[in-house]
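Close look at the chain arrangement
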Amino acid sequence: KLALAIGMSEESADRVRIAGLVHDVGKIGVPEAVLVKAGRLTDTEFEAIKKHPEIGHRILKDIRLLSDVLPGVLYHHERYDGRGYPHGRAGKDIPEMARIIALADTFDAMNSNRSYRAAMPREETLAEIARCAGAQFDPAMAKVFVTLDFTEYDRLVREEAGLVRAAA
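Here is a short report on the structure shown in this document. Nothing here was measured: the structure is a model prediction, and the numbers come from that model.

Thoughts on the overall build of the protein chain
The helix and strand tally for the protein chain stands at 10 helices and zero strands. Along the protein chain, from the amino end to the carboxyl end, the secondary structure elements read α-α-α-α-α-α-α-α-α-α. Taken against the 2.2 N^0.38 rule, which gives 15 Å for 168 residues, the C-alpha radius of gyration of the protein chain at 16 Å falls within 12% of a compact globule. For the protein chain, the C-alpha atoms occupy an extent of roughly 35 × 35 × 35 Å along the three principal directions. Across the 168 residues in the protein chain, those meeting the buried criterion constitute 35%. Looking at the protein chain alone, contacts between residues at least 24 apart form 55% of all its contacts between residues at least 6 apart. For the protein chain, the accessible surface area stands at approximately 10000 Å², while carbon and sulfur atoms represent 54% of it. One way to put it: in the protein chain the 24 positive side-chain charges average out to a point 2 Å from where the 26 negative ones average out.

Encoded structure:
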């Protein structure tokens, strides 16, 4: 939805969607104990997590049909202020696809129950995204993101939780 809202074509937005589906494939190379840890990660554990974008890129790089989504996989943890990983890219040097995925991924993380905390209320999530605009997130994208209709997202979450039946 964000890709379309900022003016991307349907085709480009669909490629962003596909990148979003595979962006964390590199977590397959992170020890499961780190991925499911209930408490705060140690510095060593966080260093292991920080490797997943590059692992994912290596896993997917030889799949010709996914070559255009690789920037989303590799750079989705970069921050607009340059304090992200794996390469410390900043601002418009972060591919547009990765800036979109960063917002969507963070939104989903904050709106999901985790082993170490409950999901945040929607209002708090959107306020946090607005607060982090220009630091963690592309400010123009964050401004658009907080205005999106999340009805479909909420339906999919309910469906995944088994609260509604999937459409046939």
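Some words on the environment of Ile 49
Assignment of secondary structure puts Ile 49 in helix α4 (residues 43-49). We classify Ile 49 as buried; its relative accessible area is 13%. Residues Ile 49 and Gly 29 lie 20 residues apart in sequence; the distance between their C-alpha atoms is 9.0 Å. With residues up to four places along the chain from it excluded, the contact list for Ile 49 reads Val 30, Val 34, Leu 35, Leu 41 and Tyr 85.

As for the packing of aromatic side chains
For the coordinates displayed, the defined rule picks out five aromatic pairs. When the centroid spacing of 6.0 Å and the interplanar angle of 85° are considered together, the rings of Phe 46 and Tyr 85 count as edge-to-face. Note that Phe 46 is positioned in helix α4 and Tyr 85 in the loop between α6 (70-75) and α7 (96-110), a separation of 39 residues in sequence. Look at Phe 46 and you get partly exposed, because its relative accessible area is 36%. Tyr 85 gets classed as buried once you look at its relative accessible area, which sits at 12%. Pairing Phe 145 with Phe 150 gives two aromatic rings, centres 5.3 Å apart and planes at 55°, and the pair type is tilted.

The rules behind these values
Residues numbered from 1 in each chain as written. Predicted model: local features only at pLDDT ≥ 70, side-chain atom pairs only at ≥ 80, totals over all residues. Heavy atoms only, no water. Helix = DSSP H or I, 4+ residues; strand = E, 2+ residues; numbered from the N terminus. Rg over C-alpha atoms; globule rule 2.2 N^0.38 Å. Buried < 20%, exposed > 50% of the residue type's maximum accessible area, 1.4 Å probe, protein only. Contact = heavy atoms within 4.5 Å. Areas by Shrake-Rupley, 256 points an atom, 1.4 Å probe, with all protein chains shown as cover. Lys, Arg positive; Asp, Glu negative; His and termini not counted. Charge placed at Lys NZ, Arg CZ, Asp CG, Glu CD. Phe/Tyr/Trp six-rings, centres within 6.5 Å; stacked < 30°, edge-to-face > 60°.

Function cannot be inferred from these measures alone, as they are strictly geometric.
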